[in-house]
Amino acid sequence: MESFPVSDPSAATAAVVTALRPHIRSMKGYIPGEQRNAPDVLKLNTNENPYPPSPRVFAALREALTADRLRKYPPPLGDEFRRVAARLYGLEPECFLIGNGSDDLLTILTRAFVPPGGYLAAPMPGYLLYRTLADIQGAVFVPVPFTPDWQLPEPWPVPQAHLTFLANPNSPSGTMVAPAAIRRLAETLAPAPLVLDEAYADFADWNGLSLFHQLPNLIITRSMSKSYSLAGIRFGFAIARPELIRELVKVKDSYNCDILSQTAAVAALEDQDYFQQVRARICATRQRLAEALTRLGFQVTPSQANFVWCRRSDRPVRPIADELARRNILVRYMNYDGYDGLRISIGTEAETDRLLDALQSILAGCSS
Ligand SMILES: *Cc1c(COP(=O)(O)O)cnc(C)c1O
């Protein structure tokens, strides 16, 4: 086959790169947690669920593997998922927007609400993807520091933001902002929306659904990745007024959730007994891990999520994370302009024992 003559291919490629929009070239990009998937690696760095999905998910997926289902496009709005979710949450099916993971919904919301040069705000330390979404949009990201006890500053300093994200529970802290403060913030921002990113709400004592009816500018996003053990499947959803959902549908890819992810999400959501069992186990292990880490000399922030945030005042924590990694245990070292700590996902009981044994040996100064 004949190829087009290009005298200097690398210079030609470099020229194409300069054709990119400047704000894309200058942005850093989001860096996901390490995915090292050898069998002996204990992954406690990306808040995956250590338990398998409901057995009903496997059965439903096997049933979905027919030529016809694979050959045809999936339902664009996830009709069956919407029906099941509406029944579970006591809302209209039209209140739900499906997404390819909840990150997809955060992208859709940013594209829909934030103009180039506009403002996207979020409290920090928090989920780092929010900044990336603002960068891609050519918008200004405005980080707002949490108070030292992980609450919102009042008055809120960015009332003019086009979109505001609040992860509740927050990552990396696992802490929550109380309903009264959320209501005050939503009222301050109106008519611009407040997005409650509830990726971890299933592990918490309460969630923002109780506020949904009172606050028309409240949008809630949920993820099936963590509490339903479906991070590999990619499914999340947003909850908002039908009038808003109708507009957001215009922004999403027509078929943003494939037939297998929709099938798995429906089956997982329908098995609430299984979900409650997994949730209870993770919350019990969270309590045990927090107490054990405290005994080992960590300052542990009380968590409402499936991870804990811990720090030390007597020694740096980065070498501890590195030493754990050497022993095939991954935790997430995070550093926010000098404020650093370890975010450790909740594993099974046995995995937690392995982590604690390793930490004990590392802190005792042994090197293997
Ligand atoms: C994990 C996470 C998400 C994204 O979840 P996916 O549904 O897997 O895309 C969103 N927000 C926060 C705060 C998260 O930690």
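Residues numbered from 1 in each chain as written. Predicted model: local features only at pLDDT ≥ 70, side-chain atom pairs only at ≥ 80, totals over all residues. Heavy atoms only, no water.

The next point concerns the packing of aromatic side chains. Geometrically, a pair of aromatic rings is defined through the distance of the ring centres and the angle of the planes. As enumerated under the stated definition, the model contains 14 aromatic pairs in all. Between the aromatic rings of Phe 81 and Phe 237, the centroid separation amounts to 5.2 Å while the plane-to-plane angle is 55°, which identifies the pairing as tilted. Taken together, the residues span a long stretch of sequence, with Phe 81 in helix α5 (residues 79-89) and Phe 237 in strand β8 (residues 236-239) at a distance of 156 residues. Residue classification places Phe 81 among the buried positions, given a relative accessible area of 1%. Ring plane angle 80° and centroid distance 4.9 Å describe the contact between Tyr 200 and Phe 307, whose orientation is recorded as edge-to-face. Of this pair, Tyr 200 sits in the loop between β6 (194-197) and α9 (209-212) while Phe 307 sits in strand β10 (residues 307-311), and the two are 107 residues apart along the sequence. (Phe/Tyr/Trp six-rings, centres within 6.5 Å; stacked < 30°, edge-to-face > 60°. Helix = DSSP H or I, 4+ residues; strand = E, 2+ residues; numbered from the N terminus. Buried < 20%, exposed > 50% of the residue type's maximum accessible area, 1.4 Å probe, protein only.)

Applying the stated criterion across every chain yields a total of one cavity of 30 Å³ or more. In this structure, the largest cavity encloses a volume near 60 Å³. Every residue lining the largest cavity is listed: Asn 49, Ser 54, Ser 227, Tyr 228, Ser 229, Ala 268, Asp 271, Tyr 274, Phe 275 and Val 278. The leading source of residues in the lining of the largest cavity is helix α12 (residues 272-295), at three residues. Split by residue class, the lining of the largest cavity holds five nonpolar, four polar and one charged. Here the lining of the largest cavity spans two domains, and each of domain 1 (42-51 + 273-367) and domain 2 (55-271) adds at least three residues to it. (1 Å grid on protein atoms, 1.4 Å probe; cavity = no way out; pocket = protein on both sides within 12 Å on 5 of 7 lines; lining within 4 Å. Points joined across faces, edges and corners; volume = space filled by probe spheres on them. Nonpolar A, V, L, I, M, F, W, Y, C, P; charged D, E, K, R; others polar. Domains from an automatic or database assignment.)

So, on to the domain arrangement of the protein. Each domain of the protein was delimited in the assignment, giving domain 1 (42-51 + 273-367) and domain 2 (55-271). When each unit is reduced to the centre of its C-alpha atoms, the spacing between domain 1 and domain 2 is 26 Å. Contact with domain 1, which involves 24 residues of that partner, is made by 24 residues of domain 2. When domain 1 packs against domain 2, the two sides together hide about 2,000 Å² of surface, and 58% of this comes from carbon and sulfur. For domain 1, the biggest contributors to the area lost against domain 2 are Phe 275, Gln 304 and Tyr 336; these three give 34% of the whole. Taken together, the connections running from domain 1 to domain 2 amount to zero salt bridges. The interface formed by domain 1 and domain 2 contains 15 residue pairs in polar contact (both at pLDDT 80 or more). (Contact = heavy atoms within 4.5 Å. Buried area = accessible area lost by both parts, 1.4 Å probe. Salt bridge = Lys/Arg side-chain N within 4 Å of Asp/Glu carboxyl O. Polar contact = N/O pair within 3.5 Å; in protein donor to acceptor, adjacent residues only side chain to side chain.)

Here we take up the layout of surface pockets. Quantified by volume, the largest pocket comes out at close to 910 Å³. Around the largest pocket sit 31 residues that line it, and Leu 128, Arg 332, Met 334, Asn 335 and Tyr 336 are the ones nearest its centre. Elements supplying a minimum of two residues to the lining of the largest pocket: α7 (129-137), β4 (140-145), α13 (318-326) and β11 (329-336). Per element, the largest residue contribution to the lining of the largest pocket is eight residues, and it comes from β11. Class assignment for the residues of the lining of the largest pocket results in 19 nonpolar, four polar and eight charged.

Once that is clear, we can look at the packing of α5 against helix α11 (residues 259-270). The contact between α5 and α11 brings their axes to 9 Å, and the two run at 20°. With respect to each other, α5 and α11 are oriented roughly parallel. For the pair α5 and α11, the sense of crossing is left-handed. Residues Glu 80, Phe 81, Val 84, Ala 85, Leu 88 and Tyr 89 of α5 form the contact with α11, whose participating residues are Ala 265, Val 266, Leu 269 and Glu 270. Among the residues making up the contact of α5 with α11, the classes are represented as eight nonpolar, no polar and two charged. (Axes fitted to C-alpha atoms, helices over the stretch in contact; angles between N-to-C directions. Parallel < 35°, antiparallel > 145°, perpendicular 65-115°, else oblique. Left-handed = near helix turned anticlockwise from the far one by under 90°.)

So, about the site of the ligand. Close to the ligand lie Gly 101, Ser 102, Asp 103, Tyr 127, Asp 197, Ala 199, Tyr 200, Ser 223, Ser 225, Lys 226 and Arg 234. Asp 103 places a polar main-chain atom, nitrogen or oxygen, 3.0 Å from an oxygen atom of the ligand. Burial of the ligand by the surrounding chains reaches 93%, relative to a free accessible area of 390 Å². Taking a 2 Å distance to the grid points as the criterion, the majority of the atoms of the ligand fall inside the second largest pocket. Grouping the amino acids of the shell around the ligand by side-chain chemistry returns three nonpolar, four polar and four charged. (Near = heavy atom within 4 Å. Areas by Shrake-Rupley, 256 points an atom, 1.4 Å probe, with all protein chains shown as cover. Sits in = over half its atoms within 2 Å of the grid points.)

Right, let's get into the sheet that holds β6. Reading across the sheet, the seven strands line up as β2-β8-β7-β6-β5-β3-β4 and stay open at both edges, with mixed pairing between neighbours. Taken across any chain shown, the strands that pair with only one partner, and hence form the sheet edges, are β2 (96-99) and β4. Along the sheet, successive strands turn relative to each other by an average axial angle of 20°, direction set aside. Looking at chain direction, β2 and β8 are connected through four bridges and run antiparallel. Paired with Ile 98 across the bridge in β8 is Phe 237. The sheet strands contacting α5 are β2, β7 (218-223) and β8, and the helix crosses β2 at an angle near 125°. Taken strand by strand, helix α10 (residues 242-249) contacts β2, β7 and β8, and its axis lies near 30° from that of β2. (Pairing = 2+ DSSP bridges.)

Here we come to the sheet that holds strand β1 (residues 42-44). What the five strands build is an open sheet, ordered β1-β11-β12-β10-β9; its pairing is mixed. The two strands at the open ends of the sheet, each matched to only one other strand, are β1 and β9 (299-301). Direction aside, the axes of adjacent strands within the sheet are offset by 30° on average. In this structure, β11 lies alongside strand β12 (residues 339-345), joined through five bridges in antiparallel fashion. Counted as the bridge partner of Asn 335 is Asp 340 from β12.

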